[in-house]
Amino acid sequence: MSREGDWTTFLSERLDDIRRRGLFRDPPRLAGTQGRHVQRPEGRVLNFSSNDYLGLASHPAVVEAARVELDRGAAGAGSSRLVSGTFEAHERLEATVASLKGCEAAVSFSSGYAAATGCIPALCGPGDVVLLDKLSHACLVDAARLSGATIRVFPHNDLSALESRLKWASQRHPRGRILIVAESVYSMDGDCCPLKGIIALKECYSAWLFLDEAHALGVIGPRGMGLAAACGLGDRVEIQMGTLGKAAGAHGATIAGSRHLRDLLVNSARSLIFSTAPPPHVAAAAAAGLEIIASPEGEQLRLKLRERIAEFARLLGETGRHIPIFPVLLGCEKRTVACSDGLLADGLWVPAIRFPSVARGSARLRVTLTAVHEPEDIVRLAEALRRLDGKLPERNVVRLADNPSR
Ligand SMILES: *Cc1c(COP(=O)(O)O)cnc(C)c1O
């Protein structure tokens, strides 16, 4: 067989395998903007797929902030932050985050993925230990692997398992550093980490904490500043990561903490050093998004979001929810895709989340609510889900009856 034939065979066999397992994806192209509705190729549908929790991705002030920067004539930053890519917009964004988070300093990255993979290897290496929650986002897993540190995974939100790994790490690596990595809100499950307990353990074992606030920033806490702020524990978390492409409505991410942390990352985070800086207009849009998040308008948007969450939870027979992520756990990949397609035919876009976003066999529909949804949207979705299956949810994961004949 020719080399060209091998290559083509390789690609088509890989793709066939992905398709066979119900994991093939072909992202739909959207017209217009993120919002309550989105225009998909099939038509206009209600959007329950976005992490734009407050509707800021299309907010006039966020768009205008980008436009002002663009009007200065630069579409790109031109080089890495360390060479000639640091502009006023980057510094303004970092000052905004530091001030809102009550930290000494912050440093921005071109994405959450880049922030994690730049930061963790800058802090840990061979001889150190990274303790990862089982449900950690892929960028945290990749960052831990990239660092070369020993990785130990603990069962999701299990404090006693975390403690036993801390004990192990401090005995086994007495001179190594120990970094605990947790998320404020788990993106595919919609639950929070037990932050207080994690901090108590971290201090007991002289470990450090990297807290990924991707889905908490803008959504919870005073002025929308996330879980650490909600618990009043911001000053006891060494590394606070926030992303700017979700509730902030723009793109990018920041790491907030001490001035020394910022300086160390600027000097050793490879994703910052060896990558072109985010365009200034993106940094400006992100700063504008954060300012809205922290403003009375942001408070109003969170109030509206909480009303939608409470209403949807009530319709599903749940109580005590305050996170706008509702997973409907179905398990089977193909069945989840069929359910998502069925909802889409009803004009409701609820994405099918599958491996590698979640473990194999734990496929789910992931409903995200936003402040731009109207009460009737929530009712329509709840009715459609009930039509899908009459069963009511358990705890924070909505479980529909497992019926393989479906
Ligand atoms: C989305 C997400 C990231 C990655 O952020 P990007 O800016 O999209 O690269 C990191 N962590 C968590 C928990 C996320 O949900």
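### Some words on the pairing of strand β4 (residues 129-133)
Regular strands place their side chains on alternate faces of the sheet. Counting buried residues in β4 gives five out of five residues, a clear majority hidden from the surface. Across five bridges, β4 lies against strand β5 (residues 150-154) in parallel orientation. Note that in β5 the partner of Leu131 across the bridge is Arg152. Each parallel crossover has a hand, and for β4 linked through helix α5 (residues 138-147) to β5 it is right-handed.

### Thoughts on the layout of surface pockets
Taken as a whole, the second largest pocket spans an internal volume of roughly 180 Å³. When residues of the lining of the second largest pocket are traced back to their parent elements, those giving at least two are α4 (112-123) and β8 (239-243). For the lining of the second largest pocket, the residue count by class is four nonpolar, nine polar and three charged.

### Observations concerning the domain arrangement of the protein
Domain parsing of the protein yields domain 1 (29-53 + 324-396) and domain 2 (60-293). Taken together, the contact pairs 12 residues of domain 1 with 12 residues of domain 2. Between domain 1 and domain 2, a total of about 920 Å² is buried, with carbon and sulfur atoms accounting for 61% of that surface. Taken together, the links from domain 1 to domain 2 amount to one salt bridge. Measuring nitrogen to oxygen at the nearest pair gives 3.1 Å for the salt bridge that ties Asp189 to Arg364. Connecting domain 1 to domain 2 are five residue pairs in polar contact (both at pLDDT 80 or more). Residue assignment for the side of domain 1 that touches domain 2 shows that the elements contributing at least two residues are β10 (325-331) and β13 (363-368). Residues that form the side of domain 1 that touches domain 2 fall into these classes: six nonpolar, three polar and three charged.

Conventions used here
- The numbering scheme is per chain: residues are counted from 1 as the chain's sequence reads.
- Given that this is a predicted model, residues contribute local features only at a pLDDT of at least 70 and side-chain atom pairs are listed and counted only at 80 or more, while totals for whole chains, interfaces and linings are drawn from all residues.
- Side-chain measures were taken over the full set of non-hydrogen atoms in the model, leaving aside hydrogen atoms and water.
- The rule is simple: take the accessible area with a 1.4 Å probe, protein chains only, and divide by the maximum for that residue type; under 20% is buried, over 50% is exposed, in between is partly exposed.
- Helix and strand definitions follow DSSP, with helices as H or I runs of at least four residues and strands as E runs of at least two, each counted in order from the N terminus.
- Two strands pair under a simple rule: DSSP has to find at least two bridges between them.
- Place the viewer so that the strands point away; then a crossover is right-handed whenever the path from the first strand over the helix to the second strand goes clockwise.
- Buriedness of a pocket was judged along seven lines, with at least five required to meet protein on both sides within 12 Å; pockets are open sets of points on a 1 Å grid over the protein atoms alone, cavities are sets where a 1.4 Å probe fits but cannot get out, and lining residues have an atom within 4 Å of a point.
- Grid points are joined across faces, edges and corners, and a volume is the space filled by probe spheres set on the points.
- All residues other than Ala, Val, Leu, Ile, Met, Phe, Trp, Tyr, Cys, Pro, Asp, Glu, Lys and Arg, Gly among them, are scored as polar; the first ten of these are nonpolar and the last four charged.
- Boundaries of every domain are those given by an automatic assignment or by a domain database.
- Contacts are assigned to residue pairs with any non-hydrogen atoms lying within 4.5 Å of each other.
- Here the quantity called buried area is the total loss of accessible area, with a 1.4 Å probe, experienced by two parts when brought into contact, counted for both.
- Salt bridges are identified by distance alone: a Lys or Arg side-chain nitrogen within 4 Å of an Asp or Glu carboxyl oxygen.
- Polar contacts, as used here, are pairs of N or O atoms within 3.5 Å; protein pairs need one atom able to donate a hydrogen and one able to accept it. Residues neighboring in sequence count only if both atoms are side-chain atoms.

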